[in-house]
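# Observations on chain architecture
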Amino acid sequence: MMQFYYQDFYAALPGFIGVDAVRKALATPSAVTAAGELPACPAPVMLRRRLTPLGKLVASALAAVQLRDEEPFVVASSWGDSGKSCQLVSEMTATGDVSPAGFTSSVHNAASGAAGIWLKNHAPAPAVSAGNFTTEAGLTESFLQLQTSESVVLVRAEAPLPDVWDHPAHERLPAVPYIWALRLTRQPSKAGFSLTPTATVGAAAVTDPLFSDLTFLLSDAQQWLHTEGERGWLWQK
């Protein structure tokens, strides 16, 4: 079991920015549409030009929780900037060439690297991906970072896959971008939860299209069993 304590919680959906606004949005999912505005990216113009839409969301979240000097942060995203990857493949098909700058911004740790440069942060900034269990992978990495740091910021970001990307993951991802971040600390606090790996038998994967992890963290629910086949994680407050 891993025990987590947290503070400085931030979340955003299109048209709903901040924890209170997102909590209300999750109570009425039909209100969340791609037409809503996303948080502005506070990074300098020259850096914003290098960031993909998902990278801008990561930068906005780190600014919102006010990343501290030399504080580690973890970026967790199941599919990262798949839209950028599809664009590069299309360019290669059409021209036989790929822009080096475009390739640089498509790799999975591009957002964390750019954010670290902007914030002059030299602490570890790993980027993780684990499909349906990406949130748990991000928390596991954060737990490891806490063994040598007083705090670590976890950023969970996701964006819809491009329509041309024919993959079962389409069923598991929201139709809109979303992001949340929190500062995990060694110091115990009132806000906390535990995460325990568990075996299940024949359980269906959780495919809630509206962010089951965020819904649990913002709700009064005391536990959530996140499963996929015979694997699972038990979340408890």
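Calculation notes
- Residues numbered from 1 in each chain as written.
- Predicted model: local features only at pLDDT ≥ 70, side-chain atom pairs only at ≥ 80, totals over all residues.
- Heavy atoms only, no water.
- Helix = DSSP H or I, 4+ residues; strand = E, 2+ residues; numbered from the N terminus.
- Contact = heavy atoms within 4.5 Å.
- pLDDT = per-residue confidence, 0-100.
- Axes fitted to C-alpha atoms, helices over the stretch in contact; angles between N-to-C directions.
- Parallel < 35°, antiparallel > 145°, perpendicular 65-115°, else oblique.
- Left-handed = near helix turned anticlockwise from the far one by under 90°.
- Polar contact = N/O pair within 3.5 Å; in protein donor to acceptor, adjacent residues only side chain to side chain.
- Buried < 20%, exposed > 50% of the residue type's maximum accessible area, 1.4 Å probe, protein only.
- Core = buried A, V, L, I, M, F, W, Y, C linked by side-chain atoms within 4.5 Å.
- Arc of directions from axis to C-beta.
- Salt bridge = Lys/Arg side-chain N within 4 Å of Asp/Glu carboxyl O.
- Pairing = 2+ DSSP bridges.
- Phe/Tyr/Trp six-rings, centres within 6.5 Å; stacked < 30°, edge-to-face > 60°.

## What to know about the overall build of the chain
Helix and strand content of the chain: eight helices and eight strands. The contacts in the chain between residues at least 6 apart in sequence include a share of 70% that link residues at least 24 apart.

## A look at the confidence of the model for the chain
Atom-level detail of predicted coordinates should not be read off regions where pLDDT is low. Of all residues in the chain, 84% have pLDDT values of 70 or greater, and the mean over the chain is 86. Element-level mean pLDDT values for the chain span from 63 in helix α5 (residues 100–104) up to 97 in helix α7 (residues 134–145).

## Here's the deal with the packing of helix α3 (residues 53–64) against helix α6 (residues 110–118)
At a minimum axis separation of 9 Å, α3 and α6 run at an interaxial angle of 45°. On the basis of their axis angle, the class for α3 and α6 is oblique. Two packed elements cross with a definite hand, and for α3 against α6 that hand is right-handed. On α6, the residues touching Gly 55, Val 58, Ala 59, Leu 62 and Ala 63 of α3 are Ala 111, Ala 115 and Trp 118.

## Focus: the side chain of Glu 71
In this structure, Glu 71 sits in the loop between α3 and β3 (73–76). Within the structure, Glu 71 has its side chain in polar contact with the side chain of Arg 183 (distance 2.7 Å).

## Remarks on the environment of Pro 39
For Pro 39, the location among the structural elements is in the loop between α1 (19–27) and α2 (45–48). On the basis of relative accessible area, Pro 39 is assigned to the buried category, the value being 15%. Along the sequence, Pro 39 and Ala 59 sit 20 residues apart, while their C-alpha atoms lie 10.0 Å from each other. Not counting residues up to four positions away in its chain, the partners in contact with Pro 39 are Tyr 10, Ala 12, Ile 17, Leu 57 and Ser 60.

## Focus on the nonpolar core
Ranked by internal contacts, the top residues of the largest apolar core, which has 35 residues, are Phe 9, Leu 13, Trp 180, Leu 184, Leu 214 and Trp 235. Those elements that place two or more of their residues in this core are β1 (2–13), α1, β3, β5 (151–158), β6 (178–185), β7 (192–203), α8 (212–218) and β8 (223–236). Apart from the residues within four sequence positions on either side, Leu 184 is in contact with Phe 4, Tyr 5, Tyr 6, Leu 139, Ser 142, Leu 146, Glu 150, Ser 151, Val 152 and Leu 154. Counting residues in each nonpolar core, the second largest holds 19 residues, with Leu 54, Leu 62, Val 155 and Ala 181 among its members.

## Observations regarding α1
Every buried residue belonging to α1 is among Val 19, Val 22, Ala 25 and Leu 26, and all of these are buried. Relative to the axis of α1, the buried residues are bounded by an arc of 120° and lie together on one face. Opposite the buried face of α1, at more than 90 degrees from it, the exposed residues are Asp 20, Lys 24 and Ala 27.

## Quick notes on the pattern of salt bridges
Counting across every chain of the model gives seven salt bridges. Where Arg 156 meets Glu 158, a salt bridge forms, and the shortest distance between an N and an O atom there is 2.5 Å. Note on Arg 156: relative accessible area 5%, which makes it buried. Residue Asp 213 is joined to Arg 156 by a salt bridge in which the shortest nitrogen-to-oxygen separation is 3.8 Å.

## So, the pairing of β3
Burial of β3 is two-sided: the residues Phe 73 and Val 75 facing one way and the residues Val 74 and Ala 76 facing the other way are all buried. Two elements, β3 and β5, share four bridges in a ladder whose sense is parallel. Among the inter-strand pairings, Ala 76 is bridged to a residue of β5, identified as Arg 156. Judged from the two bridges that link them, β3 and strand β4 (residues 127–128) form a sheet pairing that is parallel. The partner of Val 75 across the bridge, within β4, is Ala 127.

## Considering the packing of aromatic side chains
Under the criterion given, the structure shown has ten aromatic pairs. On the basis of an interplanar angle of 80° and a centroid distance of 5.7 Å, the ring pair of Tyr 6 and Phe 9 is categorised as edge-to-face. Neither residue differs from the other here; Tyr 6 and Phe 9 are each classed as buried. Measuring from ring centre to ring centre gives 6.2 Å for Phe 216 and Trp 224, while their planes differ by 35°; the resulting arrangement is tilted. Like Phe 216, the residue Trp 224 is buried in the burial classification. Ring-pair connections join several aromatic residues into one group, and the members of that group are Phe 4, Tyr 6, Phe 9, Phe 143, Trp 180, Phe 193, Phe 216, Trp 224 and Trp 235.

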